[in-house]
Amino acid sequence: MSFPAGVFYVFAALAVVSALGMVLNLRNTVAGAMCLVVTMISLAGIYVVLEAHFVAVLQIMVYAGAILVLFLFVVMLLNLRSDAFSPPRSRIAKLAGVALGVWALVGFLGLLPGALPPIAQISPTFGSYRDVGLSLYRTYVVAFEVTSFLLLAAIVGAVVLAKRRLS
Amino acid sequence: MVVPLEHVIGLSAVLFAIGTIGALTRRNLVVILMSIELMLNAVNLSFVGFARAHGDALGHVFVLMVISVAAAEVAVGLGIVISLFRNRDSVNVEDVSLLRW
Amino acid sequence: MPFDVILKVLFIVLVGVAAFAPVITWVERKQSAVMQDRIGANRADIAGITILGLLHPLADVLKLIGKEDFVPAGAHRFLHALSPIIAALPAILAFAVIPYGATYQFPGFAPTTLVGADLDWGLLYIFAIGSLATYGSVLAGWASNNNWAMLGSLRASAQMISYEVTMGLAVVGVFMVFQTLRLTDMVVAQDTTFRIFGFLETFGIVQTLPGWLSWLRLPFWGVLVQPLGFVMFLTCIMAENKRAPFDLPEGESEIVAGYFLEYSGMRFGLFYMSEFIEVVVIGALLATIFFGGWSIPYLSQETIIGSLEPTMGAGLATALCMVAHVATFLLKVVVLIWLQMQIRWTLPRFRYDQVMDLCWKIVLPLSLVNIFVTGAVLLLVETAK
């Protein structure tokens, strides 16, 4: 096994374990958020193995560096020390949730063999910020501009929702 | 490509399933939002994997779009969490069943 | 691992982390003494020898190691132990992509570049690593189970996220001018000069410049082509470092010591050291992006090697050039560290609303204006050519 492949499998295991840690951690919301940080950083490592350097950097900068800090900020602001809620959601609903997730997973994995495209050759600049930037600003510029409107709407929405009094 | 595409997409499916289970079974609104983030990330992973397989940067562009949608979703979602906590003193989704029949 | 990689890593660790950072704690004490009209740190001695107080860092370390390693009741032990490490690690990792010398071709060897890792996305790497530094301070406050510490980390997280955004926007103008994110290329691009009045010729205002005007040249440094960007970037990166005037997360007079209130001994020492390692990183980063890194103004690498080579041979000329470049880089870093010390001991602490106003109402719009103006000028130059 080559070194990058080893990196992939190590990060993959790390991502799955920490994702499970986030979902199964019932006691502590901050620890759950930190587990999700580990998942995000592992995914960034996997992106590097898959030659998506720019996306890997954005993954760390935006997800790990901003979005999850926002989660931590809110958890600390609301002081959610423990996660012990009552009454518990019914066991049937929980089982149904898990069963649905497992069913979806089995379905996905069953579809996988033979359904995937062949691997194409790539240029050495594939995944660099120049490559992604050129297609972002030349081919998909409309989608990019629409995204800016989405973010503006989100900012206004968040302020309206979270502000105590709008005067 | 250093690993088979099946493994990348398989990992993506596993993460997506974990996110689904988290979103369906947890009652803490913040954790539900985090599970949705995990599902979005799983989708991003398959985008990156397919982008590598096709040798096309479109997948990367799509990931950027997903990331900005996720950022918008988190901003609004956490805004809702804060105003909910202010009104109900709880982030348990079962405490906000006001509109449920 | 190849031999030269080990040498480079050793150089970075020994000079950047192990030598610079402790000395800076002494510089900080001396600077504060100068600003407050005191003599300053000069008491620590070994058998009566004080060496201007340079032994104080050593005494600090000995004292911190000797202290009790205290974990408060109700603290999250694992995260409490982890957060000083998370705080210190990004600062050290950032050194990996900062070039401290050019690419040198010694006769008989492969060309070697004096940089830890020559990444194509070097500056993005620094931003990504820097954005992880937030976790150190945020988790420290939460894991301590102390209300003051929690307030400190709330302040730290809001401040650092806000300034990260504007820090990215502040350097976009530099990317546009140098057209690269690779830090080594960025320094090579600055290892040249430009004619101050050259734009008159480019835009056809005059046909040819009169003699002496065309001789006036300036080094093509980031600070000279992007002055506004430099001021914005300096503001943001000092706010990221959380030192005065941006030390709201620590705010001794309001929230005791902020997020590291419940830390003692060497764990506190790690927070303390990471702050000073960050000062060195900031100095090195500013030198690389805005002050031409290793480049000596008006003496490009070809000029130096070309003029020395006939008399002393290629090998010795290259070696001399290398030493001169590394010395220049370190000199620039020292000057920029001094600038940070000067700012830190001159300005009083802001109020928290002022910090946020500065970020979102002043730095952000000005950065956007800077990007727009830079783009317009570049477009005009492009069409005029």
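Residues numbered from 1 in each chain as written. Chains lettered and ligands numbered in written order. Predicted model: local features only at pLDDT ≥ 70, side-chain atom pairs only at ≥ 80, totals over all residues. Heavy atoms only, no water.

A short note on the domain arrangement of chain A
Residues and elements named next belong to chain A. For chain A, the assigned domains read domain 1 (1-83) and domain 2 (124-167). Relative placement of domain 1 and domain 2: their C-alpha centres are 22 Å apart. Each partner contributes to the interface: domain 1 provides 5 residues, whereas domain 2 provides 5 residues. Across the interface of domain 1 and domain 2, roughly 340 Å² is buried in total on both sides, 69% from carbon and sulfur atoms. The largest share of the area that domain 1 buries against domain 2 comes from Glu 51, His 53 and Phe 54, three residues that together contribute 87% of it. Along the contact surface separating domain 1 from domain 2 lie 0 salt bridges. Between domain 1 and domain 2 we count 0 residue pairs in polar contact (both at pLDDT 80 or more) in total. Of the residues assigned to the side of domain 1 that touches domain 2, the class counts are 3 nonpolar, 1 polar and 1 charged. (Domains from an automatic or database assignment. Contact = heavy atoms within 4.5 Å. Buried area = accessible area lost by both parts, 1.4 Å probe. Salt bridge = Lys/Arg side-chain N within 4 Å of Asp/Glu carboxyl O. Polar contact = N/O pair within 3.5 Å; in protein donor to acceptor, adjacent residues only side chain to side chain. Nonpolar A, V, L, I, M, F, W, Y, C, P; charged D, E, K, R; others polar.)

Structural notes on helix α2 (residues 56-66) of chain C
Every α-helix winds through 3.6 residues per turn, so residues three or four apart in the chain are directed the same way. Residues and elements named next belong to chain C. Every buried residue of α2 is accounted for by His 56, Pro 57, Asp 60 and Leu 64. The arc that holds every buried residue of α2, seen down its axis, measures 100 degrees, which confines them to one face. Exposed side of α2, more than 90 degrees from the buried face: Leu 62, Ile 65 and Gly 66 are the residues found there. (Buried < 20%, exposed > 50% of the residue type's maximum accessible area, 1.4 Å probe, protein only. Helix = DSSP H or I, 4+ residues; strand = E, 2+ residues; numbered from the N terminus. Arc of directions from axis to C-beta.)

Re the state of the cysteines
Residue and element names in this part refer to chain C. What the rule picks out here adds up to 0 disulfides over all chains. Unpaired in terms of disulfides, Cys 236 finds its nearest cysteine sulfur in Cys 359, a separation of 6.3 Å. The class of Cys 236 is buried, set by a relative accessible area of 0%. Take Cys 359: its relative accessible area is 0%, and that puts it in the buried class. (Disulfide = S-S within 2.5 Å.)

Quick word on the interface of chain C and chain A
Chain C puts 26 residues into the contact, and the matching count from chain A is 25 residues. Both faces considered, chain C and chain A share a buried interface measuring about 2,300 Å² in area, 74% of it formed by carbon and sulfur atoms. Of all residues in chain C, Trp 121, Tyr 135 and Trp 142 of chain C give up the largest surface area on contact with chain A, accounting jointly for 29% of the area buried on that side. At the junction of chain C with chain A, the criterion picks out 0 salt bridges. Those elements giving two or more residues to the side of chain C that touches chain A turn out to be α4 (122-143) and α5 (147-170) of chain C. The greatest single-element share of the side of chain C that touches chain A, amounting to 10 residues, is contributed by α4 of chain C. Partitioned by chemical class, the residues of the side of chain C that touches chain A number 15 nonpolar, 8 polar and 3 charged.

Observations concerning the packing of helix α5 (residues 129-139) of chain A against helix α3 (residues 58-88) of chain B
The interhelical angle for the contact between α5 of chain A and α3 of chain B, taken along N-to-C directions, is 75 degrees, at an axis separation of 9 Å. When the axis of α5 of chain A is compared with that of α3 of chain B, the two are roughly perpendicular. Side by side, α5 of chain A and α3 of chain B meet where Val 132, Ser 135 and Leu 136 of chain A of the first sit next to His 60, Val 61, Leu 64 and Met 65 of chain B of the second. Looking at the contact of α5 of chain A with α3 of chain B residue by residue, the class counts come to 5 nonpolar, 2 polar and no charged. (Axes fitted to C-alpha atoms, helices over the stretch in contact; angles between N-to-C directions. Parallel < 35°, antiparallel > 145°, perpendicular 65-115°, else oblique.)

Overview of the arrangement of the chains
Ranking the 2 pairs of chains in contact by contact count places chains A and B at the top. Across the gap from chain B to chain C, with no contact made, the nearest C-alpha atoms are 13 Å apart.

Examining the layout of surface pockets
As a volume, the second largest pocket reaches approximately 1,100 Å³. Phe 11, Ile 41 and Ile 60 of chain A together with Ile 129 and Leu 132 of chain C are the residues nearest the centre of the second largest pocket, which is lined by 36 residues in total. Elements with a minimum of two residues in the lining of the second largest pocket: α1 (3-24), α2 (29-49) and α3 (53-78) of chain A together with α3 (77-93) and α4 of chain C. Residue contributions to the lining of the second largest pocket peak at 11 residues, all from α2 of chain A. (1 Å grid on protein atoms, 1.4 Å probe; cavity = no way out; pocket = protein on both sides within 12 Å on 5 of 7 lines; lining within 4 Å. Points joined across faces, edges and corners; volume = space filled by probe spheres on them.)

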